Amino acid sequence: MTQQNKTIVAVLFGGRSTEHEISVITALQVMDAFDSTQFEIIPVYVDAEGYWYTGEELRRRENFLPTPELKKKLLRVQLTSDLESELVEVDPPKGWFGVKPARRFPVDVFFPAFHGAYGEDGCIQGFLEFIGAAYMGSGPRAASIGMNKHTAKQTLAAQKIPVLPGILLDRRDWEPIRADQTTQDILANLDLPLMVKPCNLGSSIGISSAQTEEQLMISIAGAFAFDYQVIVEPLLEDMYELNVSVLEGDPYRVSAVERPRREKLLLTFEEKYLKNGGKKGGAKSSSGMASLQRDINPTDVPEEIMQKVREFAQKAFSGLDCRGLVRFDFMVDRKDNEIYFNEINTLPGSFSYYLWEAADPPLPFTELLAELVRKAQENWRDKKKIRRITERRIFKD
Amino acid sequence: MLASVERKKIVSVSCCNQVLPIVYSDCGEGFPLLYLHGWGQNLGAFGPLIDALPLSLRHIAVDFPGFGDSPKPAENWGVPDYAEFVHQFIKKLDLEPCIIIGHSFGGRVGFRLAHKRPECVLGLFLIGAAGIRRKVPLRRRIRIKTIRGIARAAARCIPNPIGAKIKGSLYNRIASRDYKEAGAMRGILVKVIHDDVRDILSSIQQPVTLLYGSDDSETPPETGRQMHDRLPNSDYIELPGFDHYTILTRGRHQIAHQLKNFLQKWNATS
């Protein structure tokens, strides 16, 4: 806490992920929406090389992505492996009497606003757990299961949540000598048309559909450019998606349900992030996931389906031991109204604030963020109660 | 255009011996909140904010005469005339009493209205409110007076059209952006910027919340602090990282939150 009794929140964003820019947009939205009378925000930008920076300049959209000149004005910081919840200046400058002591920035709660690898997949959560820091969102296990589409499906299938059958491919399966055989194996188990996705990526990056064997091979090769694992599933040609967010609590809170609007069969990166004002200005004017064209609580979807989706989402949140706020995406086959789990986002774009503003009762973005920080502090206090070191029995004095 | 302000309506409002067709937007049901925009803007400026607010409140945003789609008044109105116009608009739409949400110039009008017609204003929630004439630094004052003197002398000594052209060009060097862009509204602008609400602030008894962006150079936070010192029942909140305009867009979530606090506080005390 600062002198004015504000909670200090370090918003972590950027990172070594293909979703780097989406993370920047989410973080800017979050930093703008935090109640500045209650919270003091420390922006922490992780660049594509993995270096950490802080500075007020990182709260302004026009400064992204930072130029080398701007980076020189920013302060390089790091988290150390000590059990201290603070950011420490890297390479402090020299003063009259030698090197100045490194500046330290105590943090009450870390708020990861990453998407994709190293930020949403349990890596940063594992490190924050290791140093005993309070952080917002799911722990390393839920985050890593959630990031891997195949593992998430297997885990949720065990919870009796319907999933589409799928085949997981490893990069070794796609070596030139094995590619033909792998394709034949897929086609022996699944009928065309098929959907091909990188297994550990979000934001629709690398996703494509295949109507023929040749297209399947091209799609798989394309997906392997983004990931070391690829998942192949049947393509539902006549389907719609329903997405819903769940917030930690007792009981869990469930947001409004959205049905994304799309022009093609698969929702593209452009439709997700560049639709509203993004075409001219790109990420400079995009509002991230909030840009997507959507129907909120679509009235033409039968209530039984909407109810089922809400139930599945709560069950999945509990089954994966999620924390904070999560968005679950489902697919509904128009042929038989069957619902299938599609994917989970443990750190969803824009933190799905648009779904919470439309929830019943509505939860405005600023209040949602305050609630997430409160939950993070509660979880941290609960963890501190767990006895970690037992009485000395072997190495006695 | 945002959903909340895209369906526009027109109402005839009589004020200062003329009838004007006034454009406004109206959404939600419940207690009325009347939105008054800033200089050079229109009701659309409040779109992002209204979209972040619940429809259990009634949100009415109006294009001031001479702005957006509402026609310019025949005469050069001052701030008291605009306040009287808002009073007539409130009566016409049967909004009395309501809470005024004003941005910049809209805040200035809100103060005048709350002072002159306290019965129709239950509270003021103002964002980057204008109303206090800023102290111009001595260097700038000297520069303005010198250039203005040269411009007038040039207009007198050099025959038109060259004299007028020189005068116009010199005036442009000292004019504000608003003055340059005012066009037909220039006469009104001159009246508006000379209006200072300092003397009336101590008599405004309604609750007032003043919000300012820390990076606001048009109505700097110092303006708000001065108002806060004079108002008997006010809160002052500074939001870091926002300027005069981004406070309404990027800052909408925080403003919506503070507005909710304001309404809850007002509800608890009324």
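Source: prediction; values computed, not measured.

## Topic: the overall build of chain A
Logical step 1: Counting its regular elements, chain A contains 12 helices and 18 strands.
Logical step 2: Rg of the C-alpha trace for chain A: 22 Å, near the compact-globule value of 21 Å for 397 residues, within the 12% margin.
Logical step 3: Its C-alpha atoms put chain A at 70 × 65 × 50 Å along the principal axes.
Logical step 4: Within chain A, buried positions represent 44% of all 397 residues.
Logical step 5: Pairs at least 24 apart in sequence give 65% of the contacts found in chain A among residues at least 6 apart.

## Here's the deal with the pairing of strand β4 (residues 75-79) of chain A
The two faces of a sheet get side chains in turn, since along a regular strand they alternate between them.
Residue and element names in this part refer to chain A.
Logical step 1: Relative to β4, strand β3 (residues 52-54) runs antiparallel, the two being bridged by three bridges. Of the residues in β4, the one forming a bridge with Y53 is R76.
Logical step 2: The pairing of β4 with strand β5 (residues 86-89) spans three bridges and is antiparallel. Opposite Q78, over in β5, you have V88 as the bridge partner.

## So, the packing of helix α5 (residues 138-157) of chain B against helix α6 (residues 162-174) of chain B
Describing two packed helices takes the angle between their axes plus the distance from one axis to the other.
Residues and elements named next belong to chain B.
Logical step 1: Relative orientation of the contacting elements α5 and α6 amounts to 170 degrees, with a least axis distance of 8 Å. Comparing their axes, α6 and α5 come out roughly antiparallel. Between α5 and α6, the contacting residues are R143, I144, I147, R148, I150, A151, A154 and A155 on the first element and G163, A164, I166, K167, L170, Y171, R173 and I174 on the second.
Logical step 2: Here the contact of α5 with α6 is built from residues that sort into 11 nonpolar, one polar and four charged.

## Describing the confidence of the model for chain A
Logical step 1: With 91% of its residues at a pLDDT of 70 or more, chain A has an overall mean of 90.
Logical step 2: Note that residues 277-284 of chain A has pLDDT below 50 and, in this model, 12 contacts with residues that lie over four places away or in other chains.

## Concerning the sheet that holds β3(A)
Residues and elements named next belong to chain A.
Logical step 1: The seven strands lie next to each other as β8-β5-β4-β3-β2-β1-β9, forming an open sheet whose pairing is mixed. Bordering the open sheet on either side are β8 (104-106) and β9 (109-112), each of which pairs with just one other strand. Geometrically, the sheet is characterised by an average inter-axis angle of 35 degrees between neighbouring strands, direction not taken into account.
Logical step 2: Strands β1 (7-14), β2 (39-46) and β9 of the sheet are contacted by helix α1 (residues 20-33), whose axis makes an angle of about 160 degrees with β1.

## Overview of the domain arrangement of chain A
All names here are of chain A.
Logical step 1: According to the domain assignment, chain A contains domain 1 (7-136), domain 2 (147-163 + 239-363) and domain 3 (167-234).
Logical step 2: When each unit is reduced to the centre of its C-alpha atoms, the spacing between domain 1 and domain 2 is 28 Å.
Logical step 3: Every contact between the two is made by 15 residues of domain 1 and, on the other side, 13 residues of domain 2.
Logical step 4: Looking at the side of domain 1 that touches domain 2, the element that brings in the most residues is α1, giving six residues.

## As for the interface of chain B and chain A
Logical step 1: Listed by partner, the interface residues are 12 residues for chain B and 12 residues for chain A.
Logical step 2: Sorting the residues of the side of chain B that touches chain A by element identifies β8 (234-239) and α12 (252-269) of chain B as the ones contributing at least two each.
Logical step 3: At four residues, the largest contribution of residues to the side of chain B that touches chain A is made by α12(B).
Logical step 4: The class makeup of the residues in the side of chain B that touches chain A is six nonpolar, five polar and one charged.

## Things to note about the domain arrangement of chain B
All names here are of chain B.
Logical step 1: Segmenting chain B into domains produces domain 1 (3-133 + 194-269) and domain 2 (138-186).
Logical step 2: If you average the C-alpha positions of domain 1 and of domain 2, the two centres end up 32 Å apart.
Logical step 3: Class assignment for the residues of the side of domain 1 that touches domain 2 results in one nonpolar, two polar and one charged.

What counts, and where the lines are drawn
- Residues numbered from 1 in each chain as written.
- Chains lettered and ligands numbered in written order.
- Predicted model: local features only at pLDDT ≥ 70, side-chain atom pairs only at ≥ 80, totals over all residues.
- Helix = DSSP H or I, 4+ residues; strand = E, 2+ residues; numbered from the N terminus.
- Rg over C-alpha atoms; globule rule 2.2 N^0.38 Å.
- Buried ≥ 20, exposed ≤ 12 C-beta atoms within 10 Å, placed from the backbone.
- Contact = placed C-beta atoms within 7 Å.
- Pairing = 2+ DSSP bridges.
- Axes fitted to C-alpha atoms, helices over the stretch in contact; angles between N-to-C directions.
- Parallel < 35°, antiparallel > 145°, perpendicular 65-115°, else oblique.
- Nonpolar A, V, L, I, M, F, W, Y, C, P; charged D, E, K, R; others polar.
- pLDDT = per-residue confidence, 0-100.
- Domains from an automatic or database assignment.

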